[in-house]
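Take a look at the letters that make up each chain.
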Amino acid sequence: MESKKRKLITLDEFTIQETRQFPNATGELSSLLRDIALACKIINKQVNKAGLVDILGKHGATNVQGEEQMKLDIFANDTLINVLQNSAECAGIASEENDEFLAFDDPYSVQSKYVVLFDPLDGSSNIDVNASIGTIFSIYRRVSPLGSPCTEADFLQEGSRLMAAGYVIYGSSTMLVYATKLGVNGFTLEGSIGEFCLSHPNLQCPEKGKIYSLNQGNSNKYEQGVRNFLEYCMEENKEEGRPYSHRYIGSMVADLHRTLIKGGIFMYPGDKKNVNGKLRLQYECNPMAFIVEAAGGIADFGNGRILDIMPKELHQRTPIFIGSKQLVSKALSFVTEKASV
Ligand SMILES: O=P(O)(O)OC[C@H]1O[C@](O)(COP(=O)(O)O)[C@@H](O)[C@@H]1O
Ligand SMILES: [Mg+2]
Ligand SMILES: [Mg+2]
């Protein structure tokens with residue numbers, strides 16, 4: 001018996017419906033979101049045929065993070081910048097791959113209320129091995145006056161001031177997940193019509209979880225509290241369903257997507273050498289914290305809410321403990337991070 005045909009709701013239709021809930025809304029934020037989705041569709045096309053086009057491997061340059069850039073990092077970065085520069089809704093961007101922010105000074109962009117931050121390609125170490133990778137983005141309302149180019153202050157705002165944040169995961173299917181203050185929704189790319197269609201409405205991060213996720217290879221470098229929590233996760237306790245399962249894909253987007261859907265905790269703690277860990281506050285941790293909190297989970301740096309951190313620099317890093325309320329609270333009861341955020 002043929003399964004009942006599902007009515008497809010495209011991202012466009014969904015964002016227009018959402019806008020209608022706000023009588024004063026102008027639709028600029030939704031249109032900006034659609035531009036980001038367009039850029040990610042272009043990136044997705046290259047990712048899907050990466051082995052057949054000259055997009056695998058290193059590019060040869062090093063970014064401001066001191067990391068070797070992959071060809072796909074550069075392609076994704078250029079694609080997002082080109083699409084957003086031509087979008088009438090974006091005043092400027094900051095990227096994990098660019099030293100400085102870029103202010104667009106054409107007559108339309110200087111009138112735009114919003115700036116966009118992005119990690120164009122997340123999970124770079126997984127590009128050449130065909131494991132899930134992604135793009136992470138976030139949108140702030142400007143604090144600088146409209147009519148003139150945006151300033152650094154527009155990008156150095158606390159995560160709690162975000163208007164929207166999301167990610168696209170290039171995995172077995174390509175999905176876009178985004179959050180506003182109204183909630184978190186997931187859309188799957190329907191290849192035959194080239195549209196993101198609503199597939200995961202009103203995502204909620206399970207309160208409990210039995211999966212812990214971190215680079216266990218670094219365990220000896222983590223502080224005692226983190227190591228005690230790992231012991232707790234691996235300890236036998238039938239009643240509490242321990243030991244928990246360890247899962248680590250090595251792409252934050254993929255590890256967070258699993259945590260959002262199945263529950264659990266994702267961590268990238270600081271260690272003796274890197275007290276602030278590896279992940280970037282503005283491009284990775286703030287957007288993911290905004291999404292997980294909007295889905296009922298929590299995100300902490302060890303001594304406080306990620307979204308309350310007042311950014312000092314565009315590329316600063318922060319430790320992160322994020323996911324299901326119960327398991328992250330448990331982890332924090334073991335951990336007192338000495339991060340200088
Ligand atoms: O290899 P490690 O140290 O475990 O780090 C993996 C982490 O680094 C990242 O790849 C960093 O992101 P980029 O790929 O955007 O640089 C995260 O996606 C991932 O969670
Ligand atoms: Mg990243
Ligand atoms: Mg990246």
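An unreviewed UniProt entry lists the chain under the name Fructose-1,6-bisphosphatase class 1, with Rurimicrobium arvi as the source organism. According to the UniProt record, the Pathway (unreviewed entry) comment for the chain is "Carbohydrate biosynthesis." Quoted verbatim from the Sequence similarities (unreviewed entry) field of UniProt, the annotation for the chain is "Belongs to the FBPase class 1 family."

As for the coordination of the magnesium ion (ligand 3)
Around the magnesium ion (ligand 3), the donor atoms from the protein are E96 (OE), D119 (OD) and L121 (O), and they sit 2.1 to 2.2 Å away. Spacing between the donor residues of the magnesium ion (ligand 3) along their common chain follows E-x22-D-x1-L. Between the magnesium ion (ligand 3) and the magnesium ion (ligand 2), both coordinated by D119, there is a metal-metal distance of 3.6 Å. Of this pair, E96 sits in the loop between β3 (90–95) and β4 (102–103) while D119 is found in strand β5 (residues 114–122), placing the two residues 23 residues apart along the sequence.

Section: the UniProt feature "binding site: Mg(2+) 1" (unreviewed entry) in the chain
Mapped onto this numbering, the UniProt entry annotates "binding site: Mg(2+) 1" (unreviewed entry) at E96, D119 and L121. In sequence the annotated residues extend across 26 residues, while in space they remain close, none of their C-alpha pairs exceeding 9.0 Å. Classification of E96 by relative accessible area gives buried; the value is 3%. In contact with E96, other than residues within four places in its own chain, are N63, V64, Q65, F118, D119, P120, L121, R280, Y283, E284 and H315. On the basis of relative accessibility, which here comes to 1%, the residue D119 falls in the buried class. Other than its neighbours up to four places away in sequence, D119 contacts E96, G134, T135, I136, Y283 and E284.

What to know about the site of ligand 1
D122, S124, Y248, M252 and Y268 are the nearest of the 18 residues found near ligand 1. The contact in question runs from an oxygen atom of ligand 1 to an N or O atom on the backbone of S124, over 2.8 Å. With respect to ligand 1, the side chain of K278 contributes an N or O atom lying 3.0 Å from an oxygen atom. Among the secondary structure elements, those contributing two or more residues to the shell around ligand 1 are β5 and β13 (265–268). Ranked by the residues each element gives to the shell around ligand 1, the list is headed by β5, at three residues. Counting the residues that make up the shell around ligand 1, at least three belong to each of domain 1 (11–200) and domain 2 (211–339).

Conventions adopted
- Residues numbered from 1 in each chain as written.
- Chains lettered and ligands numbered in written order.
- Predicted model: local features only at pLDDT ≥ 70, side-chain atom pairs only at ≥ 80, totals over all residues.
- Heavy atoms only, no water.
- UniProt positions renumbered as here; feature names shortened; annotations may be inferred.
- Donors = N, O, S within 2.8 Å, 3.2 Å for Na, K, Ca; no water.
- Helix = DSSP H or I, 4+ residues; strand = E, 2+ residues; numbered from the N terminus.
- Buried < 20%, exposed > 50% of the residue type's maximum accessible area, 1.4 Å probe, protein only.
- Contact = heavy atoms within 4.5 Å.
- Near = heavy atom within 4 Å.
- Polar contact = N/O pair within 3.5 Å; in protein donor to acceptor, adjacent residues only side chain to side chain.
- Domains from an automatic or database assignment.

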